[in-house]
Amino acid sequence: MARETGESGETKSTKVKKHKRRKSKKESKTRIVHANILYDLTKGGDNPNRHYANNKIKTTKYTLLSFLPKNLFEQFHRFANVYFVFIALLNFVPVVNAFQPELALAPVVFILSVTAIKDLWEDYRRHRSDKEINHLDCLVYCRIEKRYVEKYWKEVRVGDFIRLRCNEILPADVLLLSSSDPDRLCHIETATLDGETNLKQRQVVRSFIDLFDPLKYNSVIECEKPNNDLNRFRGYIIHRSGKRDGLYKDNLLLRGCTIRNTEEAVGIIIYAGHETKAMLNNNGPRYKRSKLERQMNVDVFWCVIILLVMCLFSAIGHGLWMFQYGDKRPVFDVLSPEGTELSPVVSAIYLFLTMIIVLQVLIPISLFVSIEIVKICQVYFIHQDMELYDEETDSHLQCRALNITEDLGQMQYIFSDKTGTLTGNKMVFRRCTVAGVEYSHDANARRLAMYQEMDSEEEECTSHGGTLPRRDSVTSHQSGKVVLRSQSTKSHRRTGSRAEAKRASILSKHTAFSSPMEKDITPDPQLMDKVNECSSQMEFMRFHSQSLNQIPPDLCDVFDFFIALTICNTVVVSSPNQPRQKVMGCSMLSSPSAESTLTKLKEEKRPEHDLQHAFSPVPPNFDKTKALAQDECELRYEAESPDEAALVYAARAYKCALVGRLPDQVTVELPHLGKLSFELLHTLGFDSTRKRMSVVVKHPLTEQITVYTKGADSVIMDLIRPATGMLPLMRKRQRKILYKTQNYLNLYAADGLRTLCIAKKVLSKEEYASWLQLHLEAETAIQRREELLFESALRLETNLQLLGATGVEDRLQDGVPETIASLRKAGLQIWVLTGDKQETAINIAYACKLLDPEEEIITLNEACAVLLKNNYAGLVIDGRTLAYALDKSLEDDFLAVARSCRSVLCCRSTPLQKSMVVKLVRNKLKVMTLAIGDGANDVSMIQVADVGVGISGQEGMQAVMASDFALPRFRYLQKLLLVHGHWCYSRLANMILYFFYKNAMFVALIFWYQFYCGFSGSSMVDQWYLIFFNLMFSAFPQLVTGTLDKDVSAETLQELPQLYMNGQNSEEYKPYMFWMNMIDAFYQSLICFFIPYFTYVDSDVDLFTWGTPITTLALFTILLHLGIETKTWVSLTWMNWVSIGFSIALFFIVALCYNASCPACFSPSNPYWTMQRLLGEPIFYLLCVVTPIAALLPRNIYANIFL
């Protein structure tokens, strides 16, 4: 018996240990948050939240103690810096040193110091910003004082209760537990995170309904570890009773967001400081290596080879020269440190190291710093280009990657999104089909044409008036795709007041997608009659308490169609007088939880006579005065996408208006019926895989649980199935509606309209209960929650009934056709990757001149491996075929077909397919790629390309934050590439080649001298000149030229886009050019060495009296060489002359001062008064004229004949 007890005890302890192991493993994947007030009176070590990060942010890289070692460590990641430090330290070895050791350190110390000062200044700016943010105030609950007290942001901890006020910025990621809003809502603005200015709703955790008291809080939160996914939050809260409530992203307020329209909210901090989602997404500027820099590194390697060859040649020469003396050592022989004679071999080895020190200038130490300075200056001047500033949006070009500006001049392939990039992302409701009947909305088409004419008149007046800035391009009338500005902004523009236009633009930003063109829809009379007829019949049936089944099916479809347009979205309603003030719904229904909904399904349906209450347009506590005031002012719709806004405005045009939205209720106002409140049970949001969204509501008229779905026709049409038990006549009607709707969808797409299908589904209580049970499990899961919710949505969205379809027009941005035409003339291959329907994409491609109607187009719509050897003008491929084409076995065939086409249009492509296409072209064809887009679905494509460009449009800032460059409009890409890209590439390519030439030319002078000094490593150039020649005397002019030189004017580059091909073909920097410059450098050094040599050969001048003229002549020749290479002496004459004059003056000032202050240097050769004597000799001036001309004559002849 005792043994059994012992065994059972061991079994229990084993189970406990296993349970603890499982628990610890589980805890490692999640975070458990307790309230800090429970541990205020205990020791700090007892607080389970103590291991989490505090809210103090630190974006600086250094401290006072770590700056020097850490910065040097980072700089020594560059091989060039390590090399030069090694050379400087080698000079401290007495047996091989060539210069004064301290002097040899000067160049590398200067370069490291300049970089360190730059890094220190940038870090100090970050420190000031951090300090300002960390010392912002917020209200945190204190248990001792039993009230909220002010604390700095940096003092906030995970587990603190925090009170938030209207217009206050969130200091951390906060779980919402209470709100002053009676509907338990809190509205936030997320512009600082994703650039979207529309309001977003967040709701209080489900179980916290009553007024929140921190002292009564005794729950524990278990959630996921910190991550950078802004659109995901998973977890649950465990109450003392053991009940668990799921936590979602709608319960989480993110750091950096702003509280709007809510007087007060209370929450508990979940993530703080660097663990917040905003900080985890803060990656800073992007750093890439440009193609030109990669080529330059190859030539630096060749310079190292040349240096080693020259040093080896000198060492062998020195060894042979020493060997010829035999046992008779020369009087100037250098002894070993022990005082013994060195053998020729050992002398040669020492001389090899000495020559590395002497000829170190061949490796351009200042090249890398000069390139950084030039690129920063180039970015500055690009930012200052007012032609890249968009007045309407008050935005200009942003450069987020500072080191790839020259890549802009070498692009070969452009991959572009369509919606929001080529088009304006201003969705205008154009036409629709309901129940198989098409409504053309001719009056609405005439309204849009009027907007186009008004915009064209404005452009004409602007171009002739001369008082306003002329637009870059005017869209042709034939295309009819013009992005029209809001009327308010336009009226201000006509007054000529830039400030007023800017204010109007800023005001319009309060509500996105709400220009008059977008929201003032002219209804179709025939459809309007049906809406009125349906409403009047429903009103009649309400009055007589009759069943709605007597209404004709076509009218029911019209009613459901507009209900779906109104409620199947996430639009927030706001007031125009107070753009951030929410408008309350008129009927306050209690918010049933998912569990209570499941329970209520078992109750009996209420009697039919209760329809009278559902129809009641006047709620119990309805205030007529407030209602009239509200009716006088038009409601605003804060939509997350332009598609949603367009459809809601279209429904409002038919008097089916959205007037209120709560987490559990949507209120709609209908003609004759007043306000109806739909109980919102579930919202299944849109995602790029399902390509649809759905809402599950309890219909106030029929008490039925109804699913309304809208989405892409490619997926909705496959989900249409007749309901079980449907009469044959109704089945035939459904098939007819399906056939007609498909035909109309094809017509809409051919007209370039974006199409959406609208469908519904009625669930029985049993079906809903069965689905809800699994959906609840998915909602409360922490692991695989997204996957489970996705599967749950797929189970619900089946066997749908088609209601109709809409055609929404997305107009081209200004100047898109002209920009694409110019880019194609520049030799750029343009691919458009879009998720739109094929016919829509083709129509837009024709409108923007990507495709030409007269040219042959090949369309691939079947998954087949096909090889085409003919050349076609354009290729169109859909998403399914693209999936096959991207297969490993077919990708080469696909590329072969695509390369033979001038343009490629990929339709129905997913974000992943977009990135795969860009990666395939970049890796297989070894070409330079640029991707441009405006939405979150373009981020992967932008990040894969060599250069990513984001459009700061109306879909937020995700694309901008992932990009290297950000543009306000697509048309600005033309000047960015054809002008600034060409200039940046040309300037840097020529500057790099000039650096190699200049260093080689100066080093070769010392090499020639070795033939006259027994290859001893001696130099006829004073060590001060040798060290500072590249660092001081010849540095400034090349920086000016590298920053400001223009081989062709901006006007010419845009008029002749073909000039861009120079950069594509790397015409400015080919491998042979490096060797040509090396040969020219050696030739010029021969001239600069031997003309002074033969001039002074029989004279009694000392070494420096002969070497100083050589240094002077080399400087003159190098500067004149730069003058020959400079293209814009006309527009930049004074800058070039000033820089060259400054360099020459600096050299002579330093030489005169140095020679006058060194009476006993380097005996027996002494530089004292050398320059002063030379300036008094006429032969010196003759040398300064003859030698540079003789040295530069071959290059000048070559440039005039062959270039």
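Parameters at a glance
Residues numbered from 1 in each chain as written. Predicted model: local features only at pLDDT ≥ 70, side-chain atom pairs only at ≥ 80, totals over all residues. Heavy atoms only, no water. Helix = DSSP H or I, 4+ residues; strand = E, 2+ residues; numbered from the N terminus. Buried < 20%, exposed > 50% of the residue type's maximum accessible area, 1.4 Å probe, protein only. Contact = heavy atoms within 4.5 Å. Areas by Shrake-Rupley, 256 points an atom, 1.4 Å probe, with all protein chains shown as cover. Arc of directions from axis to C-beta. Axes fitted to C-alpha atoms, helices over the stretch in contact; angles between N-to-C directions. Parallel < 35°, antiparallel > 145°, perpendicular 65-115°, else oblique. Left-handed = near helix turned anticlockwise from the far one by under 90°. Nonpolar A, V, L, I, M, F, W, Y, C, P; charged D, E, K, R; others polar. Pairing = 2+ DSSP bridges. UniProt positions renumbered as here; feature names shortened; annotations may be inferred. Polar contact = N/O pair within 3.5 Å; in protein donor to acceptor, adjacent residues only side chain to side chain. Salt bridge = Lys/Arg side-chain N within 4 Å of Asp/Glu carboxyl O. Core = buried A, V, L, I, M, F, W, Y, C linked by side-chain atoms within 4.5 Å. Patch = residues over 30% accessible without salt bridge, like charges linked within 9 Å, V, L, I, M, F, W, Y side chains within 5 Å.

## Topic: the overall build of the protein chain
(1) Moving on: Secondary structure assignment for the protein chain yields 40 helices and 35 strands.
(2) Moving on: Scored against the burial criterion, the 1203 residues of the protein chain give a buried share of 55%.
(3) Moving on: Contacts spanning at least 24 positions in sequence make up 75% of the contacts within the protein chain whose residues lie at least 6 apart.
(4) Moving on: Of the accessible surface of the protein chain, which amounts to about 53,200 Å², a share of 58% is contributed by carbon and sulfur atoms.

## Some details on helix H2 (residues 67–75)
(1) Moving on: Inspection of H2 places Phe-67, Asn-71 and Gln-75 among the buried residues, and these make up the whole buried set. Here the buried residues of H2 occupy an arc of 55° about the axis, which is enough to place them on one side. For H2, the exposed residues set more than 90 degrees away from the buried face come down to Pro-69 and Phe-73.
(2) Moving on: Tucked inside the fold, the buried residues of H2 contact helix H3 (79–90) and helix H4 (101–134).

## A word on the packing of H3 against helix H8 (residues 344–358)
(1) Moving on: At a closest axis distance of 10 Å, the pairing of H3 and H8 adopts a crossing angle of 120°. When the axis of H3 is compared with that of H8, the two are oblique. Of the two elements, H3 crosses H8, and the hand of that crossing is left-handed. Of the residues in H8, those touching H3 at Tyr-83, Ile-87 and Leu-90 are Leu-353, Ile-356 and Ile-357.
(2) Moving on: Of the residues assigned to the contact of H3 with H8, the class counts are 6 nonpolar, no polar and no charged.

## Structural notes on the sheet that holds strand S5 (residues 173–179)
Sheet strands line up and pair through hydrogen bonds in the backbone, either parallel or antiparallel.
(1) Moving on: Reading across the sheet, the 6 strands line up as S3-S2-S4-S13-S5-S11 and stay open at both edges, with antiparallel pairing between neighbours. Either end of the sheet is taken by a strand with one partner, and the two such strands are strand S3 (147–152) and strand S11 (252–253).
(2) Moving on: Bridge analysis of S5 against S11 gives 2 bridges, and the strand direction is antiparallel. In the strand pairing of S11, Val-174 is matched with Leu-253.

## Some points on the UniProt feature "binding site: Mg(2+)" (unreviewed entry) in the protein chain
(1) Moving on: The UniProt entry lists Asp-417, Thr-419, Asp-934 and Asp-938 under the feature "binding site: Mg(2+)" (unreviewed entry), expressed in the numbering used here. For the annotated residues, spread through 522 residues, the largest C-alpha to C-alpha distance comes to 10.6 Å, consistent with a single compact locus.
(2) Moving on: Looking at where Asp-934 falls in the secondary structure, it is placed in the loop between strand S33 (929–933) and helix H29 (939–944).
(3) Moving on: With a relative accessible area of 0%, Asp-934 lands in the buried category.
(4) Moving on: Within the secondary structure layout, Asp-938 lies in the loop between S33 and H29.
(5) Moving on: Once you skip the residues sitting within four places of it in the chain, Asp-938 turns out to touch Asp-417, Lys-914 and Gly-933.
(6) Moving on: Within the structure, Asp-938 has its side chain in polar contact with the side chain of Lys-914 (distance 2.9 Å).

## What about the sheet that holds strand S10 (residues 244–247)?
(1) Moving on: The antiparallel open sheet is built from 4 strands, whose spatial order is S1-S8-S9-S10. At either margin of the open sheet sits one strand with a lone partner, and together these are strand S1 (30–33) and S10. Strand-to-strand twist in this sheet, taken as the mean axis angle between neighbours without regard to direction, amounts to 20°.
(2) Moving on: Of the pairings in the sheet, the one linking S1 to strand S8 (residues 220–224) comprises 4 bridges and is antiparallel in character. When the bridges of S8 are listed, Val-33 appears paired with Ile-221.

## Re the pattern of salt bridges
Oppositely charged side chains can pair when the atoms bearing their charge come close.
(1) Moving on: All chains considered together, the criterion is met by 30 salt bridges.
(2) Moving on: The residue Arg-31 makes a salt bridge to Glu-275 at a minimum N-O spacing of 2.5 Å. On the criterion of sequence distance, the pair formed by Arg-31 in strand S1 and Glu-275 in the loop between strand S13 (264–271) and helix H6 (277–280) is long-range, its members being 244 residues apart.
(3) Moving on: For the salt bridge of Arg-1195 with Asp-1080, the shortest nitrogen-to-oxygen distance reads 2.6 Å. One end of the pair, Arg-1195, is in helix H40 (residues 1178–1202); the other, Asp-1080, is in helix H36 (residues 1071–1096), and 115 residues separate them in sequence.
(4) Moving on: Connected via shared salt-bridge partners are Glu-224, Arg-232 and Arg-234.

## Topic: the pairing of strand S32 (residues 903–906)
(1) Moving on: In S32, alternate side chains face the same way, and those of Ser-903 and Leu-905 on one face and Val-904 and Cys-906 on the other are all buried.
(2) Moving on: In terms of strand pairing, strand S29 (residues 829–833) meets S32 through 4 bridges, oriented parallel. When the bridges of S32 are listed, Trp-831 appears paired with Val-904.

## Structural notes on the side chain of Arg-969
(1) Moving on: Along the polypeptide, Arg-969 turns up in the loop between strand S35 (965–967) and helix H31 (972–1009).
(2) Moving on: Of the residues examined, Arg-969 reaches a relative accessible area of 13% and is grouped as buried.
(3) Moving on: If sequence neighbours within four positions are ignored, Arg-969 has contacts with Asp-390, Glu-392, Thr-393, Gln-813 and Ile-951.

## Quick word on the nonpolar core
(1) Moving on: Core analysis: the largest hydrophobic core is formed by 96 residues, its most contacted members being Met-296, Leu-359, Phe-996 and Tyr-1069.
(2) Moving on: If one sorts the elements of this core by residue count, H31 sits on top with 20 residues.
(3) Moving on: With residues near it in sequence (within four places) discarded, Phe-996 still touches Met-296, Asp-299, Val-300, Cys-303, Pro-364, Leu-367, Tyr-1069, Phe-1074 and Met-1078.
(4) Moving on: Formed by 71 residues, the second largest nonpolar core is a distinct cluster that contains Cys-568, Ala-646, Leu-676 and Ile-716.

## A word on a nonpolar patch on the surface
(1) Moving on: Together, Ile-1179, Leu-1182, Val-1185, Val-1186 and Ile-1189 make up a nonpolar patch on the protein surface, roughly 420 Å² of accessible area in all.
(2) Moving on: Relative to the helices and strands, Val-1185 is located in helix H40.
(3) Moving on: For Val-1185, a relative accessible area of 49% gives the class partly exposed.

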